[in-house]
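# Observations on the three-dimensional arrangement
Each chain, written out:
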Amino acid sequence: MSRGSISPPAQPPAGDWASVETTLHRELPADYRALVDAYGSGAFCGYIELLVPADVRKAYDIVAYNDGRSDFAAEIWEEEDEQPEEFSDDLGYELIAWAKTIDGDTLNWLAHPDQKPASWRTLLVSRDIAEAWEHYDAPATAVLLGLLTGDIDSDIVVPDRGTGRSRLMCSS
């Protein structure tokens, strides 16, 4: 994160990236690995929680959370009239969640075996997976920062109705 508004903890636990990437059968984007290595587990602004390696809370462990998730999403979207274009045909994309909100929405990579991890798009999916999704052509850290600062206008991560400001804008 660049603006210096959210300081990382003094000693976040190191992620076992080799084990995670072996289990997920994918190398993960370097910006995300650096973010997790700097910040570890926890919620940004009390709202967006990173999924991290070997979190004792299985709901925030990136491997446990993603076990079967892509197949589950594809099955749901197969039954719907609308779906993300990457899942409209068997194009080989896999959905890998890297963060989630306290409302149950997820930030995901659209991973493809023919693409380098740095080029994966982010798909923000609402808690009702068939209801709404948004594409972002930016790395995980840029999407996270954009949501936190309000530079990304999302219909899924909506402004706080009381203030009109993004509920993610951390107080300084």
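In the block above lies the structure referred to throughout.
Structure report, in brief. Because the structure is predicted, anything quoted here is derived from the model rather than measured.

The rules behind the values
Residues numbered from 1 in each chain as written. Predicted model: local features only at pLDDT ≥ 70, side-chain atom pairs only at ≥ 80, totals over all residues. Heavy atoms only, no water. Core = buried A, V, L, I, M, F, W, Y, C linked by side-chain atoms within 4.5 Å. Buried < 20%, exposed > 50% of the residue type's maximum accessible area, 1.4 Å probe, protein only. Helix = DSSP H or I, 4+ residues; strand = E, 2+ residues; numbered from the N terminus. Contact = heavy atoms within 4.5 Å. Pairing = 2+ DSSP bridges. Phe/Tyr/Trp six-rings, centres within 6.5 Å; stacked < 30°, edge-to-face > 60°.

### Here's the deal with the nonpolar core
Among the nonpolar cores identified, the biggest contains 33 residues, and L28, Y32, L50, W98 and W109 are the most heavily contacted of them. Mapped onto this core, the elements with two or more residues apiece are α1 (17–24), α2 (30–39), β2 (48–50), β3 (94–101), β4 (106–111) and α5 (140–149). Looking at which element gives the most residues to this core, the answer is α5, with 5 residues. Those residues in contact with Y32 that lie beyond four places of it in its chain are W17, L51, V52, I62, W98, W109 and A140. Grouped together as the second largest cluster of nonpolar side chains are 5 residues, L95, L110, V125 and W133 included.

### Regarding the sheet that holds strand β6 (residues 133–136)
Taken together, 6 strands build an open sheet; the order of strands is β1-β2-β3-β4-β5-β6 and the sheet is antiparallel. Looking at which strands have only one partner, the edges of the open sheet turn out to be β1 (43–44) and β6.

### A few points about the environment of I152
Tracing the sequence through the fold places I152 in the segment after α5. Taking the C-alpha atoms as reference, I152 lies 9.3 Å from Y136; in sequence the two are 16 residues apart. Ignoring anything within four residues of it in the chain, the contact list for I152 reads Y136, A142, V143, G146 and L147.

### So, the packing of aromatic side chains
With the rule as written, the count across this model stands at 6 aromatic pairs. Within the aromatic cluster, the residues linked to one another by ring pairs are W17, Y32, W98, W109 and W120.

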